[in-house]
Structures are given as C-alpha cells and as structure tokens.
Amino acid sequence: MSDIREQIFQELSKLEDATARLRATAVDASKQTDLEVAILTQQVRNLRAKNARATELIDQSIEILGGLK
C-alpha cells in the first residue's frame with residue numbers, strides 16, 4: 001500500500017513540475033506576443049506617417065505641375 005502511495009506522490013510531483021513548466025512557457029509566449037504586437041503597432045504608425053507625408057508631396061507636385069501649364 002505504501003508503494004502505491006509513494007508512486008502516486010511521485011506521479012503528482014512530476015505532474016506538478018510539468019504544469020509549472022507549461023505555465024512558464026505560456027507566460028513567456030504571452031510576453032513575446034505582446035512585444036511583437038507593440039513592434040508591429042509602431043511600424044504601422046511609422047508607415048502611416050510616411051504615407052501621409054508622401055501624399056502631401058504628391059499633392060504639392062500636382063499643384064506645381066498644374067501651375068506650370
């Protein structure tokens with residue numbers, strides 16, 4: 001009977017260790033995802049700003065070309 005109890009406790013200990021590793025992996029993955037989202041968000045902001053500036057320059061170029069006609 002004590003052998004069975006010992007085996008149960010060993011299995012529970014292994015299960016507890018595996019659960020702790022899985023939790024740590026999930027936390028790390030979440031942090032990585034948050035970082036990736038933050039980087040992508042900043043990149044999108046930068047691209048939108050560049051796109052707005054390019055639109056302004058194109059509009060100015062069209063005005064200049066229109067004035068030359």
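Only a predicted model underlies this, so the values are computations on that prediction, with no experimental measurement involved.

**A few points about the overall build of the protein chain**
- Across its full length, the protein chain carries one helix and zero strands.
- Taken over the C-alpha trace, the protein chain has a radius of gyration of 30 Å; the compact-globule value for 69 residues is 11 Å, which it surpasses by more than 25%.
- By the burial criterion, 0% of the 69 residues in the protein chain qualify as buried.
- Here the protein chain has roughly 6,500 Å² of accessible surface; of this, 60% comes from carbon and sulfur atoms.
- Taken as two groups, the 10 positive and 11 negative side-chain charges of the protein chain have centres that lie 7 Å from each other.

**Observations concerning a nonpolar patch on the surface**
- Together, Ile 4, Ile 8, Phe 9, Leu 12 and Leu 15 give the surface a local cluster of nonpolar side chains, amounting to about 510 Å² of exposed area.
- Mapped onto the secondary structure, Leu 15 falls in helix α1 (residues 2-68).
- According to the relative accessible area criterion, Leu 15 is exposed, its value standing at 51%.

**Description of the pattern of salt bridges**
- Taken as a whole and assessed by the stated rule, the structure comprises two salt bridges.
- Salt-bridge contacts for Lys 14 lead to Glu 11; the nearest nitrogen and oxygen are separated by 4.0 Å. Of the two residues, Lys 14 and Glu 11 both sit in helix α1, three residues apart, roughly one turn of that helix.
- Here Glu 11 falls in the partly exposed class, since its relative accessible area comes to 43%.
- In this structure, Arg 53 engages Glu 56 in a salt bridge whose closest nitrogen and oxygen atoms are separated by 3.4 Å. Highlighted residues: Arg 53 and Glu 56, both in helix α1, separated by three residues, approximately one helical turn.
- The class for Glu 56 is partly exposed, based on a relative accessible area of 43%.

**As for the environment of Leu 57**
- Position of Leu 57 relative to the elements: it lies in helix α1.
- Since its relative accessible area comes to 38%, Leu 57 is described here as partly exposed.
- Separated by 25 residues in sequence, Leu 57 and Gln 32 have C-alpha atoms that sit 38 Å apart.

Definitions and limits used
Residues numbered from 1 in each chain as written. Predicted model: local features only at pLDDT ≥ 70, side-chain atom pairs only at ≥ 80, totals over all residues. Heavy atoms only, no water. Helix = DSSP H or I, 4+ residues; strand = E, 2+ residues; numbered from the N terminus. Rg over C-alpha atoms; globule rule 2.2 N^0.38 Å. Buried < 20%, exposed > 50% of the residue type's maximum accessible area, 1.4 Å probe, protein only. Areas by Shrake-Rupley, 256 points an atom, 1.4 Å probe, with all protein chains shown as cover. Lys, Arg positive; Asp, Glu negative; His and termini not counted. Charge placed at Lys NZ, Arg CZ, Asp CG, Glu CD. Patch = residues over 30% accessible without salt bridge, like charges linked within 9 Å, V, L, I, M, F, W, Y side chains within 5 Å. Salt bridge = Lys/Arg side-chain N within 4 Å of Asp/Glu carboxyl O.

These figures come from the coordinates and say nothing about function on their own.
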